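Each chain is listed here by its residues.
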Amino acid sequence: MTAARLLARRTERWFVRQGTPTMIEGYGPFTHVLPRMLPALATIAIAGLVWLVPLGAAGYGRWVLLALILASALTTWVLLSVFMRRLPQITRRRTIAILVGYAAVPVIVPILQDTIDDTPDSDPAQLVVFFAATFVASWLAVTYGLVALLKGAIRHTVHDLRNSVNLLGRALPPLLFVTLFLFFTGELWQAMNQLPWQRVGLVVALFAAITILAAAARLKDEIGRVEQDLRPEVLRQACRGTPLSGEEFDEPLRPRKLDGRQSRNLLVMLAIRQLVQAAVVGLALFGFFVALGLIVVTPAVAEQWIGAPPEPARWVPGVPAAMLRNATLFAAFGSMYFAVVSMSDAEQRRQFFAPVIEQIERTLAVRAVYLAVRERA
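Just so it is clear, the structure is predicted and the values come from calculations on it, not from any experiment.

Trainee: Help me understand the overall build of the protein, please; the structure alone is not making it clear to me.
Mentor: What the protein contains, in helices and strands, is 14 helices and zero strands. When the helices and strands of the protein are placed in sequence order, the string is α-α-α-α-α-α-α-α-α-α-α-α-α-α. By residue count, 42% of the 377 residues in the protein fall in the buried class. Put simply, of all contacts in the protein between residues at least 6 apart along the chain, 82% involve residues at least 24 apart. Surface summary for the protein: the accessible area is close to 20700 Å², and the carbon and sulfur share equals 65%.

Written as structure tokens, this is what we have:
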């Protein structure tokens with residue numbers, strides 16, 4: 001392998017760690033996606049076989065069996081991850097073998113369960129749906145680097161405490177102005193007292209879906225405004241801390257057009273950063289409303305609003321369940337409201353999107369240098 005090709009390979013690993021694997025030239029299912037999916041698919045298949053087949057006959061040793069399953073799954077994941085990093089390309093024959101083996105697990109499990117006494121039978125349809133959903137989730141996570149993007153967004157939020165405090169200081173006052181007085185509505189407490197947590201979860205999922213749709217529609221404009229400044233001094237600055245840090249250019253590089261998958265990858269990067277910020281606001285709102293309810297809403301007041309003794313919370317003794325459900329509802333609504341408003345307000349968009357826009361511009365600059373290095377290889 002030439003030095004230029006080795007440098008390109010290291011840069012491709014950098015793209016993967018940054019959560020932008022689609023920037024790799026020739027990125028496709030057989031060359032990149034399936035090799036990186038193999039550890040997850042093998043781990044799920046092995047854990048499913050070991051868990052579903054002998055667990056029913058394990059008796060008191062099922063917890064020991066569970067520990068062995070977890071240890072085996074972790075070992076399988078690590079070994080396969082190391083092996084696949086050294087495999088430059090997976091052949092079509094190997095890909096078909098992997099997919100056939102993974103698809104055979106939902107068929108093998110019921111057969112093995114019938115041959116083992118005292119093992120509960122599994123619904124084949126449910127197994128097929130579970131393994132298919134796991135495959136699709138793994139495919140999307142690997143294709144668009146979702147795990148790396150989520151880690152980066154959380155790391156940015158945790159380490160950049162100043163930005164988080166600024167975020168809460170700007171977001172909470174208008175959100176409390178919109179939602180505070182609704183928290184003391186007796187009819188809402190009556191509804192939340194009888195609404196099961198499953199339905200509360202559906203309401204939260206509905207707010208999250210609206211947030212994602214609004215973010216997808218708005219952030220496309222943000223992607224369109226990203227500029228590719230590929231002057232030599234900009235390229236040197238962008239390549240610092242990457243495998244391309246020693247590259248020098250005497251003239252600007254030409255911008256490279258992004259395909260649809262690469263644009264979606266950058267869109268996902270923006271959306272995840274926005275959703276993590278909205279989640280921080282939601283957690284702060286939840287804590288505020290729980291504290292406010294504990295201070296203001298006494299058990300007698302809660303009983304008067306509800307018309308009956310309030311249902312106690314299962315996990316928090318002495319706290320009405322309606323209070324926690326109300327806090328969850330307003331936290332979800334506040335997160336959605338913040339996400340939509342922050343994308344439409346010019347000042348907040350400039351303040352909270354500037355770091356991630358800079359990261360996207362850096363990624364595009366590194367990609368231009370990476371493509372130039374590949375052409376030399």
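Okay, back to it.
Trainee: Explain helix 13 (residues 321–344) here, please?
Mentor: Within an α-helix, residues lying three or four positions from one another point in the same direction, as the helix has 3.6 residues per turn. Helix length check: helix 13, at 24 residues, gives a terminal C-alpha distance of 35 Å against a target of 34 Å (1.5 Å per residue), a fit within 8%. Helix 13 sits mainly inside the fold: 19 of its 24 residues count as buried.

Trainee: What's the story with the packing of helix 8 (residues 186–194) against helix 12 (residues 299–306) in this structure? I'm lost.
Mentor: When two helices pack together, their arrangement is given by the angle between the helix axes and by the axis-to-axis distance. Between helix 8 and helix 12, the shortest axis-to-axis distance is 8 Å and the interhelical angle comes to 90°. By the angle class used here, helix 8 and helix 12 are roughly perpendicular. Taking contact as the criterion, the partners of Gly186, Trp189, Gln190 and Asn193 in helix 8 are, on helix 12, Ala302, Trp305 and Ile306. Split by residue class, the contact of helix 8 with helix 12 holds four nonpolar, three polar and no charged.

Trainee: Just checking my understanding: could you explain helix 1 (residues 3–18) for this structure?
Mentor: Its 16 residues give helix 1 an end-to-end C-alpha distance of 23 Å, which sits within 8% of 22 Å, the value for a rise of 1.5 Å per residue. Taken together, the buried positions of helix 1 are Ala4, Leu7, Ala8, Arg9, Thr11, Glu12, Trp14 and Phe15. Note on helix 1: the residue one or two positions beyond its end, Gly19, has a positive phi of about 85°.

Trainee: What am I meant to see in the nonpolar core here?
Mentor: As a rule of thumb, nonpolar side chains are buried together in soluble globular proteins. Ranked by size, the top nonpolar core spans 48 residues in total, and within it Leu244, Leu253, Ile360 and Val369 carry the most contacts. Those elements that provide at least two residues to this core are helix 1, helix 2 (29–52), helix 4 (92–115), helix 5 (124–143), helix 6 (146–159), helix 10 (232–239), helix 11 (260–296) and helix 14 (346–376). In terms of residue count, the dominant contributor to this core is helix 14 (twelve residues). Apart from residues no more than four positions distant in its own chain, Leu244 is found in contact with Leu7, Thr11, Cys239, Val366, Val369, Tyr370 and Val373. Counting 30 residues, the second largest nonpolar core, distinct from the first, contains Val281, Ala302, Ala331 and Ala332.

Trainee: Before we go on, may I ask you to explain the packing of aromatic side chains in this structure?
Mentor: What characterises a pair of aromatic rings is the spacing of the ring centres plus the angle enclosed by the ring planes. If you walk through the whole model with that rule in mind, you get 16 aromatic pairs. Considering the side-chain rings of Phe333 and Tyr337, the 6.3 Å spacing of their centres and the 25° angle between planes classify their relative orientation as stacked. Residue Phe333 and its partner Tyr337 are both found in helix 13; the two are separated by four residues, about one turn of the helix. With relative accessibility at 32%, the residue Tyr337 sits in the partly exposed group. Among the aromatic residues, ring-to-ring pairing joins Phe183, Phe184, Trp189, Phe288, Phe289, Trp305 and Phe330 into one connected group.

Trainee: I'm lost on the side chain of Arg256 in this one. Help?
Mentor: With respect to the helices and strands, Arg256 occurs in the loop between helix 10 and helix 11. Judged by its relative accessible area of 16%, Arg256 falls in the buried class.

Trainee: Just to check I follow, could you spell out the pattern of salt bridges for this structure?
Mentor: Where charged atoms from two side chains of opposite charge approach closely, those side chains can pair. In total, this model carries six salt bridges according to the counting rule given. The shortest N-O distance in the salt bridge between Arg256 and Glu375 comes to 2.8 Å. In this pair, Arg256 is assigned in the loop between helix 10 and helix 11 and Glu375 in helix 14, connecting sequence segments 119 residues apart. For Glu375, a relative accessible area of 53% puts it in the exposed group. Taking the shortest distance from any N to any O, the salt bridge between Arg325 and Glu311 comes out at 3.5 Å. Here Arg325 is found in helix 13, whereas its partner Glu311 is found in the loop between helix 12 and helix 13, with 14 residues between them in sequence. The buried category is assigned to Arg325, whose relative accessible area is 4%.

Trainee: Just to check I follow, could you spell out a nonpolar patch on the surface for this structure?
Mentor: A cluster of nonpolar side chains, contributed by Leu294, Ile295 and Val296, occupies part of the molecular surface with about 310 Å² of accessible area. You can see Val296 is positioned in helix 11. On the accessibility criterion, Val296 (41% relative accessible area) is partly exposed.

Trainee: Hey, could you run me through the side chain of Arg367 in this one?
Mentor: Turning to its location among the elements, Arg367 is positioned in helix 14. Although Arg367 is buried, it makes no salt bridge; Glu25 carries the closest opposite charge, 5.0 Å away. Not counting residues within four places of it along the chain, the set of residues in contact with Arg367 comprises Phe15, Met23, Arg256, Lys257, Leu258 and Gln262.

Trainee: Just checking my understanding: could you explain the environment of Val200 for this structure?
Mentor: Summarising the element assignment, Val200 is placed in helix 9 (residues 197–224). Overall, Val200 belongs to the buried group, its relative accessible area being 4%. Separated by 128 residues in sequence, Val200 and Thr328 place their C-alpha atoms 7.9 Å apart. Other than its neighbours up to four places away in sequence, Val200 contacts Leu195, Arg325 and Thr328.

Rules and cut-offs
Residues numbered from 1 in each chain as written. Predicted model: local features only at pLDDT ≥ 70, side-chain atom pairs only at ≥ 80, totals over all residues. Heavy atoms only, no water. Helix = DSSP H or I, 4+ residues; strand = E, 2+ residues; numbered from the N terminus. Buried < 20%, exposed > 50% of the residue type's maximum accessible area, 1.4 Å probe, protein only. Contact = heavy atoms within 4.5 Å. Areas by Shrake-Rupley, 256 points an atom, 1.4 Å probe, with all protein chains shown as cover. Expected span 1.5 Å × (residues − 1). Axes fitted to C-alpha atoms, helices over the stretch in contact; angles between N-to-C directions. Parallel < 35°, antiparallel > 145°, perpendicular 65-115°, else oblique. Nonpolar A, V, L, I, M, F, W, Y, C, P; charged D, E, K, R; others polar. Core = buried A, V, L, I, M, F, W, Y, C linked by side-chain atoms within 4.5 Å. Phe/Tyr/Trp six-rings, centres within 6.5 Å; stacked < 30°, edge-to-face > 60°. Salt bridge = Lys/Arg side-chain N within 4 Å of Asp/Glu carboxyl O. Patch = residues over 30% accessible without salt bridge, like charges linked within 9 Å, V, L, I, M, F, W, Y side chains within 5 Å. Lys, Arg positive; Asp, Glu negative; His and termini not counted.

Any link to function would need more than the numbers given here.
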